[in-house]
Amino acid sequence: MLNYQWGLLQLPAPEALPALEVAAAQRGPQQAGAARLLGILQVGQFTLLDLTLPLVELSEWPHAERLLSQLVEQDGLNSLAYAYRGYVRAQQGDSNARADLETANALEPFNALPYFLLGLVEREAENFGPSLDAFNSAYLLASDNPAIVAELANAYQINGDLPTAAEWFTVATTLAPEDARFVALRAAFYAENAYALGPEGEGIAYLRQVAADFPTNAHILTSWGWAQVQQGELAAAETALTEAWRLAPTDPRVRYFVGVWQERQNQIAAAIEHYSVVVETENPYREAAQTGLERLLGRLN
């Protein structure tokens, strides 16, 4: 870990190479990130933005901000640098975040990225109306981008407009029908909102189809299994949920819904074990798992 952090501190200088080489050879949570950054450095020809994007994906916010600030100093008209720095600053609670995003919009008003990042920032701040507005603006500038469409769908979902969300999730998967990321998002929408899961519903039909099309995707299988549980088909759900658990044994979402399934079958000890795993980390299912854990422990006392 020390080699990894030292390597990050040295970026973008060549002095980062030795430390990242050691970190990339060591097993641990930093190995993949170190290997990715090392690969960029070893190519020889790279930009600061090339190094910054992996740092953003790795949530290495201070290091990403440092490189983006260097890029802004080198090129004060680089809208991408301002846009990403605004997003990175928002992750750290910096009040200058929106000013950077506004600067990015002013420099390149027909670029969808600043609006897209603003949508993410507003959503994280629980400003759901402004978030939806930002994603709509991004869509108007890049209507063929499935990532923007998927976030627009998610924004409508958060704002409680499920029919419109369903329409946009469908558009996202139409734009990228083979991309499991968008398929999984649409599947989760139907399953977790119990939307259109009746015998003739579009949701249940879609889930059945994509579970067959993506048999090794744990999140899609979890959505299919959870939909079956909600229909009272506990035995049928076992195939999808146990396979999802086998494919992703530590995934909080998988473990949570497997736990719910086992609780509904009155397998209390097994459900407690799954809920206990989920509450150990920060994830969207932690609170529900904690409630389930307290409920089951109360039944035992």
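About the criteria used
- Residues numbered from 1 in each chain as written.
- Predicted model: local features only at pLDDT ≥ 70, side-chain atom pairs only at ≥ 80, totals over all residues.
- Heavy atoms only, no water.
- Helix = DSSP H or I, 4+ residues; strand = E, 2+ residues; numbered from the N terminus.
- Buried < 20%, exposed > 50% of the residue type's maximum accessible area, 1.4 Å probe, protein only.
- Contact = heavy atoms within 4.5 Å.
- Areas by Shrake-Rupley, 256 points an atom, 1.4 Å probe, with all protein chains shown as cover.
- Lys, Arg positive; Asp, Glu negative; His and termini not counted.
- Charge placed at Lys NZ, Arg CZ, Asp CG, Glu CD.
- Phe/Tyr/Trp six-rings, centres within 6.5 Å; stacked < 30°, edge-to-face > 60°.
- Lys NZ or Arg CZ within 6 Å of the ring centre and 35° of its normal.
- Core = buried A, V, L, I, M, F, W, Y, C linked by side-chain atoms within 4.5 Å.
- Axes fitted to C-alpha atoms, helices over the stretch in contact; angles between N-to-C directions.
- Parallel < 35°, antiparallel > 145°, perpendicular 65-115°, else oblique.
- Left-handed = near helix turned anticlockwise from the far one by under 90°.
- Nonpolar A, V, L, I, M, F, W, Y, C, P; charged D, E, K, R; others polar.
- Expected span 1.5 Å × (residues − 1).
- Polar contact = N/O pair within 3.5 Å; in protein donor to acceptor, adjacent residues only side chain to side chain.

### Notes on the overall build of the chain
Within the chain, the regular secondary structure consists of 18 helices and zero strands. Considered along the principal axes of its C-alpha atoms, the chain spans approximately 60 × 45 × 35 Å. Expressed as a percentage of the 301 residues in the chain, the buried residues total 49%. In the chain, the share of contacts with a sequence separation of at least 24, taken over all contacts with a separation of at least 6, comes to 44%. For the chain, the computed accessible surface area is about 14,700 Å², with 53% contributed by carbon and sulfur atoms. Of the charged side chains in the chain, 17 are positive and 36 negative; the average position of the first set lies 6 Å away from that of the second.

### Some words on the packing of aromatic side chains
For the structure shown, the criterion picks out 13 aromatic pairs. Through pairs of rings, three or more aromatic residues link up here, namely F169, F189, Y190, Y195 and Y206. Over the ring of Y206 we find R186, and its NZ or CZ is 3.7 Å from the ring centre.

### Thoughts on unusual backbone geometry
Between L11 and the following residue, P12, the backbone shows a cis peptide bond with an omega angle of 5°. With respect to the element layout, P12 can be found in the loop between α1 (2-10) and α2 (16-25). Even without being glycine, E126 reaches a positive phi, approximately 65°. If you trace the backbone, E126 turns up in the loop between α8 (112-124) and α9 (128-141). Residue A196 is not a glycine yet carries a positive backbone phi of 55°. Mapped onto the fold, A196 is located in the loop between α12 (180-192) and α13 (202-213).

### Considerations on the nonpolar core
Within the largest apolar cluster, 99 residues are counted, with the highest numbers of intra-cluster contacts made by L11, L20, F116, L117, L207, Y256 and Y275. Aside from chain neighbours lying at most four places away, what touches L207 is A187, Y190, A191, L197, S223, W224 and A227.

### What to know about the environment of F257
Examined against the element boundaries, F257 turns out to sit in helix α16 (residues 252-264). F257 sits in the buried class, given a relative accessible area of 4%. Sequence-wise, F257 and W245 are 12 residues apart; in three dimensions their C-alpha atoms are separated by 9.7 Å.

### Concerning the packing of helix α7 (residues 97-107) against α8
It is at 9 Å that the axes of α7 and α8 come closest, and there the two elements cross at 160°. Looking at the two axes, α7 sits roughly antiparallel to α8. Along this stretch, α7 crosses α8, giving a crossing that reads as left-handed. Residues R98, L101, A104 and N105 of α7 form the contact with α8, whose own contacting residues are P114, Y115, L117, L118, V121 and E122. Residue classes in the contact of α7 with α8 are distributed as seven nonpolar, one polar and two charged.

### Thoughts on α16
A turn of α-helix holds 3.6 residues, and therefore any two residues three or four places apart point the same way. Taking 1.5 Å as the rise per residue, α16 with 13 residues should run 18 Å; its terminal C-alpha atoms sit 18 Å apart, in good agreement. Counting buried residues along α16, 11 of its 13 residues qualify, which places the element largely inside the surrounding structure. Where α16 is concerned, the buried positions are R253, V254, R255, Y256, F257, V258, G259, V260, W261, Q262 and E263. Structurally, α16 contributes buried residues whose contacts are with α12, α14 (218-230), α15 (234-247), α17 (268-278) and α18 (286-300). Here α16 starts with a cap whose side-chain oxygen sits 3.0 Å from the backbone nitrogen of R253, and that cap is D251.

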